[in-house]
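Chain by chain, the residues:
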Amino acid sequence: MAGAFPLLLVLLFTFVESRQLVKRDLEATATLALNQAESVADHAWSMLKALQPLQGKSCDDISDELQRLNARFAYFRAIGLTNGKTIYCSSLSAYASRNISDIIMMPLPAKLPPAWSLSIDQIKDVEVSPTLIFIRTPSNGWGTFGLIDAQYLVDFMNAVSKLRGFQLSITLGDGDTIQASHTTAAHTNEGWLSVAEYHTSSELFPIAVTVTAPATEMGKAWQLAFLTFLPLALGLSALFMFATYYWRKRKLSFRDELRRGIANNEFSVYYQPVYGVDAQCCTGAEALLRWRRSDGHWIRPDVFIAAAEAENMIIPLTQHLLRLVENDVTSWSVPPDFHLGLNVSAEHLQDSGFISDIRRFAAKVAAHRFLITLELTERSLISEGEEVARRLQQLRQEGIHIAIDDFGTGHCSLSYLQSFPLDYLKIDQGFVRTISPQGEETPILDAIISLAHRLKLQIVAEGVETEQQLRYLTQHNVGYIQGFLYARPMDNENFTVWKHYHGKRPLDTHRHVAREEEDDDE
Ligand code: G
Ligand code: G
Ligand code: MN
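Residues numbered from 1 in each chain as written. Chains lettered and ligands numbered in written order. Predicted model: local features only at pLDDT ≥ 70, side-chain atom pairs only at ≥ 80, totals over all residues. Heavy atoms only, no water.

Caption draft 1: Local environment of the pairing of strand β14 (residues 339–344). Of all the 6 residues making up β14, 5 are buried; the element is thus mostly covered by neighbouring parts of the structure. Two strands pair when backbone bridges link them, and β14 and strand β15 (residues 371–377) are joined in this way by 6 bridges, in the parallel orientation. Counted as the bridge partner of G341 is T373 from β15. (Buried < 20%, exposed > 50% of the residue type's maximum accessible area, 1.4 Å probe, protein only. Helix = DSSP H or I, 4+ residues; strand = E, 2+ residues; numbered from the N terminus. Pairing = 2+ DSSP bridges.)

Caption draft 2: Region of interest: helix α11 (residues 385–397). Under the 1.5 Å per step criterion, the end-to-end length of α11 is 18 Å for 13 residues, consistent within 8% with the ideal 18 Å. Just past α11, the residue G399 takes up positive phi, approximately 90°. (Expected span 1.5 Å × (residues − 1).)

Caption draft 3: View of the state of the cysteines. Within the structure shown, the criterion is met by 1 disulfide. Through a disulfide, C59 is tied to C89; the S-S separation comes to 2.0 Å. The sign of the 80° torsion about the S-S bond sets the C59-C89 disulfide as right-handed. Here C59 is found in helix α2 (residues 59–72), whereas its partner C89 is found in strand β2 (residues 86–90), with 30 residues between them in sequence. Left unpaired, C281 is separated from the closest cysteine sulfur, that of C282, by 6.9 Å. The class for C282 is buried, based on a relative accessible area of 8%. (Disulfide = S-S within 2.5 Å.)

Caption draft 4: Local environment of the site of ligand 2. Residues in contact with ligand 2 amount to 14 residues; listed here are only the nearest, Q272, E286, E462, E465 and F484. One of the side-chain N or O atoms of N343 is found 3.2 Å from an oxygen atom in ligand 2. F484 is positioned such that a nitrogen or oxygen atom in its backbone is 2.6 Å from an oxygen atom of ligand 2. If ligand 2 stood free it would expose 520 Å²; the protein chains cover 76% of that surface. The site holding ligand 2 turns out to be the largest pocket. Elements with a contribution of two residues or more to the shell around ligand 2: β12 (281–292) and β16 (401–407). Taken together, the residues of the shell around ligand 2 break down into 3 nonpolar, 5 polar and 6 charged. (Near = heavy atom within 4 Å. Polar contact = N/O pair within 3.5 Å; in protein donor to acceptor, adjacent residues only side chain to side chain. Areas by Shrake-Rupley, 256 points an atom, 1.4 Å probe, with all protein chains shown as cover. 1 Å grid on protein atoms, 1.4 Å probe; cavity = no way out; pocket = protein on both sides within 12 Å on 5 of 7 lines; lining within 4 Å. Sits in = over half its atoms within 2 Å of the grid points. Nonpolar A, V, L, I, M, F, W, Y, C, P; charged D, E, K, R; others polar.)

Caption draft 5: Seen up close, the sheet that holds strand β7 (residues 167–172). The 4 strands lie next to each other as β8-β7-β10-β9, forming an open sheet whose pairing is antiparallel. Looking at the sheet topology across the chains shown, the edges are occupied by β8 (177–179) and β9 (196–201). When strand polarity is set aside, the average angle formed by the axes of neighbouring strands in this sheet is 20°. As paired strands, β7 and β8 are joined by 3 bridges and run antiparallel to one another. By the bridge assignment, S169 is partnered in β8 with Q179. The sheet strands contacting helix α1 (residues 4–51) are β7, β9 and β10 (207–213), and the helix crosses β10 at an angle near 150°. Across the face of the sheet, helix α4 (residues 151–164) comes into contact with β7 and β8 while running at roughly 160° to β7. (Axes fitted to C-alpha atoms, helices over the stretch in contact; angles between N-to-C directions. Contact = heavy atoms within 4.5 Å.)

Caption draft 6: Quick look at the site of ligand 1. The local shell around ligand 1 consists of L288, L289, R290, P301, I305, L321, N343 and S345. Between a nitrogen atom of ligand 1 and a main-chain N or O atom of L289, the distance comes to 3.1 Å. Between ligand 1 and R290, the relevant distance is 2.4 Å, taken from an oxygen atom to a side-chain nitrogen or oxygen of the residue. Protein chains bury 74% of the 490 Å² of accessible surface belonging to ligand 1 in isolation. Mapped by element, the contributors of at least two residues to the shell around ligand 1 are β12 and α6 (301–310). Broken down by element, the residue count for the shell around ligand 1 peaks at 3 residues, all from β12.

Caption draft 7: Spotlight on the packing of aromatic side chains. Applying the stated rule across the entire model yields 23 aromatic pairs. On the numbers, 6.4 Å between centres and 70° between planes, the contact of F254 with W291 is edge-to-face. Of this pair, F254 sits in helix α5 (residues 215–263) while W291 sits in strand β12, and the two are 37 residues apart along the sequence. Linked through ring pairs, Y271, Y275, W332, F338, F370, Y486, F495 and W498 together constitute an aromatic cluster. Just above the ring of F484 sits the side chain of R488; from NZ or CZ to the centre is 4.0 Å. (Phe/Tyr/Trp six-rings, centres within 6.5 Å; stacked < 30°, edge-to-face > 60°. Lys NZ or Arg CZ within 6 Å of the ring centre and 35° of its normal.)

Here is the structure:
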């Protein structure tokens, strides 16, 4: 597919390009033919002008002058003078005293216009090439005329037709269409390839030119353009194929690396304490997965979580997290109802094994009597909502709490708030950050807080970093605080130590003690 794509693209591009190319060729050819015809017409009118002084003079007096003028321009078949619609004197004596309409074998307009020109296929007595006739008839009745041998134009058209297979035709006035003498079969469309046609006309004289190219001409142009671009297309094909191959390999290997990371025990769990405002102590912790590669390199959780979700690895990864947490908590001593927050991804929620995974975990850690809290993102609640709601309801009856995580960042409608059994709403740190030292308004944060109160949900504020944020949030009855101000995520060992020394202290005291310790260090 990746290899065929550039080829197809080039095929399409060259198809369009070759149509343009043929069109430009036709245009150029038509312009050339038109220029030729215009130059012929220009000569003809000049000649008629040169004849003007002879008008009305007796034919005997002017016949020498007529012959002289006629010889000056090679392509005049005949020139002469008219009286009304009759030729009274001509360089070709056969035409003398003949009606113009008799010679051109068609009726003349009732009233001849002052300047009249026409292309004619057949001329009386002269079974030769097509002819162009130019007639000037001033109002006094004495006029001039010139017959031009169109062989020059036909020769030109023959050359083009032989060279390119183009068919050219030229028309002067309302006259016959003059074409190349050995015209090939009429052009027809051939499948995808169509006959190209181009018309143009002169701005100076009543001359119209039409050029058509046979369908094969476009085929040839297409082939040529394609062959020109073929090396590029092949290069691109190879590049695309290589890129997809590399990308697939990387993708595969990332999944393998996740598996290997699990097998090699490269993952660990960090715990971030949550402060209960009413209880004035640490009332829980959120489990956060961390990945440290065997080479000591840390991979950021948002990166590997997103990758695991994209590659259908988030369920095994979460199952691994649950096993790690089971292990870690064996050494914990916490009061009953200590909150243990677990992040659950959307895909896992929709998996039929979800309930049993959670139940198995709950059974394993049952001795600690944790209050297990599942942290779900808004996104996970919108798809297959009914089934998810049923599962959550079931777990809730078994004493598990549900929190909505990163609230306000999911771009979801709020309707799910009414249809799902929820206990906590975790305000995303983005909204907490709007509480600034300048004391600006925080309308969205305020709205989220009052919405949670109305829905009788408990509130956890995430990413609390300053005293001022803490003050604002507690003043607005936010019950739980999480963030660097209280404590950063810590590995199991550090968390155990931290909890021993700080876990039971109120937040302000804790800050105070922490500062004292820093002073002692100095
Ligand atoms: O605190 P931290 O930088 O680890 O969090 C980065 C993101 O990764 C957060 O959105 C957090 O919810 C998510 N995250 C951390 N651990 C887990 C986990 O075990 N499972 C899931 N689904 N997400 C997690
Ligand atoms: O999305 P979730 O709430 O599960 O993830 C919490 C994320 O927020 C983790 O990446 C954690 O490290 C981070 N975090 C926790 N407290 C703070 C804080 O006070 N400030 C900042 N910037 N990040 C925090
Ligand atoms: Mn979370």
